[in-house]
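Observations on the three-dimensional arrangement
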Amino acid sequence: MKTLLFVNTRPPHGSVKAQEGLDALLMGSAFAECSALYLGDGILQLLDGQDTTQTDQKNFSLTFGALRDYGVDQVFCSKTQLDDKGLEPSDLVINVAALADRDIAALFSSHDVVLNF
Amino acid sequence: MKFAIVVHGAPYSDQAPLSALSFARAVLAEGHEIYRVFFYQDGVHTGNRAITPPQDEVNIQRLWSELATDNHIELIVCIASALRRGVLDQTEADRYEKSCASLDPAFTISGLGQLIDAGLNADRLVTFGC
């Protein structure tokens, strides 16, 4: 069975793109072994304590907690970019492995299919 | 080789549907197969048959529909993305009691599973638009 890597680079709000990326990941997990990688502003999707009550947008960050139930336990982000944003792994809503840049390159090559969101 | 093509960008707002169309033509011209074209996110607008560009611009929806009809290519729009953007076939228009359907018949509404299936079964999956 092929392995899928979902790469997420969009900030959580401002468009529905990040939410639709997570939807695709959840669907993928029903069919195949899936990993998720968060890069750039995509890391902000994982930020704990988001409040969208005043923007009429769905707080889909609550859904990340369900990833483990869907069998997605390989969730990664860039350590460099996490540091750039002044964030720690403990600021994120789920457990995320912060990878060095060379390990991110290896992550891409270890998966059969890459889907960008 | 079997190619799956994914389109994320909206027609006219974004180059993605036209770049994907050029790529699809090149794939066929080289003798390869297109497993499926999956329109996701703003890409679902590509199937909107109400698209009416000025006369000196191409009709991107029509170009895709013609390519698909001539070459028997499956064009899928994601149902969740399409419904929230008002792209509905007659079945969905009836179901949600909307006064009109907007999806061109060359396109089919289906689920995200078709995207995953394309990733698993095509030799290459190529995404247009971010």
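Preceding this paragraph is the structure being described.
Report on the accompanying structure. None of the values given here were measured: they were computed from a predicted structure.

**As for the overall build of chain A**
Counting secondary structure elements, chain A contains three helices and five strands. For chain A, the succession of helices and strands along the chain, N to C, is β-α-β-β-α-β-α-β. Relative to the 2.2 N^0.38 estimate, which gives 13 Å for 117 residues, the radius of gyration of chain A is 13 Å and therefore close to what a compact globule would have. Along the first, second and third principal axes, the C-alpha set of chain A runs to 45 × 30 × 25 Å. The contacts in chain A between residues at least 6 apart in sequence include a share of 71% that link residues at least 24 apart.

**Quick notes on the pairing of strand S3 (residues 75-78) of chain A**
All names here are of chain A. With three bridges joining them, strand S2 (residues 33-38) and S3 adopt parallel strand pairing. Within S3, the residue paired with Leu37 across the bridge is Phe76. Note: S3 against strand S4 (residues 97-99), three bridges, orientation parallel. Residue Ser78 lies in a different strand from S4, and its bridge partner there is Leu99. In this fold, the crossover linking S3 to S4 by way of helix H2 (residues 79-84) has right-handed handedness.

**Things to note about the sheet that holds S2 of chain A**
Residue and element names in this part refer to chain A. Strand order in the open sheet formed by five strands is S4-S3-S2-S1-S5, with parallel pairing between adjacent strands. Both outer strands of the open sheet, S4 and strand S5 (113-116), are each paired with one neighbouring strand and no more. Strand-to-strand twist across the sheet, computed as the mean angle between neighbouring axes with direction ignored, equals 25 degrees. Bridge count between strand S1 (residues 3-8) and S5: four bridges; the pairing is parallel. Paired with Leu5 across the strands is Val114, a residue of S5.

**Digging into the sheet that holds strand S3 (residues 75-78) of chain B**
Residues and elements named next belong to chain B. What the five strands build is an open sheet, ordered S4-S3-S2-S1-S5; its pairing is parallel. Two strands close off the open sheet at either side, each with one partner strand: strand S4 (107-110) and strand S5 (124-128). Strand after strand, the sheet turns through a mean of 25 degrees between neighbouring axes, direction not considered. Where strand S1 (residues 2-7) and S5 come together, five bridges link them in parallel fashion. Directly across from Ile5, in S5, lies its bridge partner Val126. Packed on one face of the sheet, helix H5 (residues 113-121) meets S1, strand S2 (33-39), S3, S4 and S5 and runs near 150 degrees to S2.

**Notes on the nonpolar core**
Counting 59 residues, the largest nonpolar core has Phe6 of chain A together with Ile5, Val6, Val37, Phe38, Phe39 and Val77 of chain B as its most contacted members. Apart from the residues within four sequence positions on either side, Phe38 of chain B is in contact with Ala4, Val6, Ile76, Gln114, Leu115 and Ala118 of chain B.

What counts and how
- Residues numbered from 1 in each chain as written.
- Chains lettered and ligands numbered in written order.
- Predicted model: local features only at pLDDT ≥ 70, side-chain atom pairs only at ≥ 80, totals over all residues.
- Helix = DSSP H or I, 4+ residues; strand = E, 2+ residues; numbered from the N terminus.
- Rg over C-alpha atoms; globule rule 2.2 N^0.38 Å.
- Contact = placed C-beta atoms within 7 Å.
- Pairing = 2+ DSSP bridges.
- Right-handed = clockwise from strand over helix to strand, strands pointing away.
- Axes fitted to C-alpha atoms, helices over the stretch in contact; angles between N-to-C directions.
- Core = buried A, V, L, I, M, F, W, Y, C linked by C-beta atoms within 7 Å.
- Buried ≥ 20, exposed ≤ 12 C-beta atoms within 10 Å, placed from the backbone.

By themselves, these figures tell us nothing about what the structure is for.
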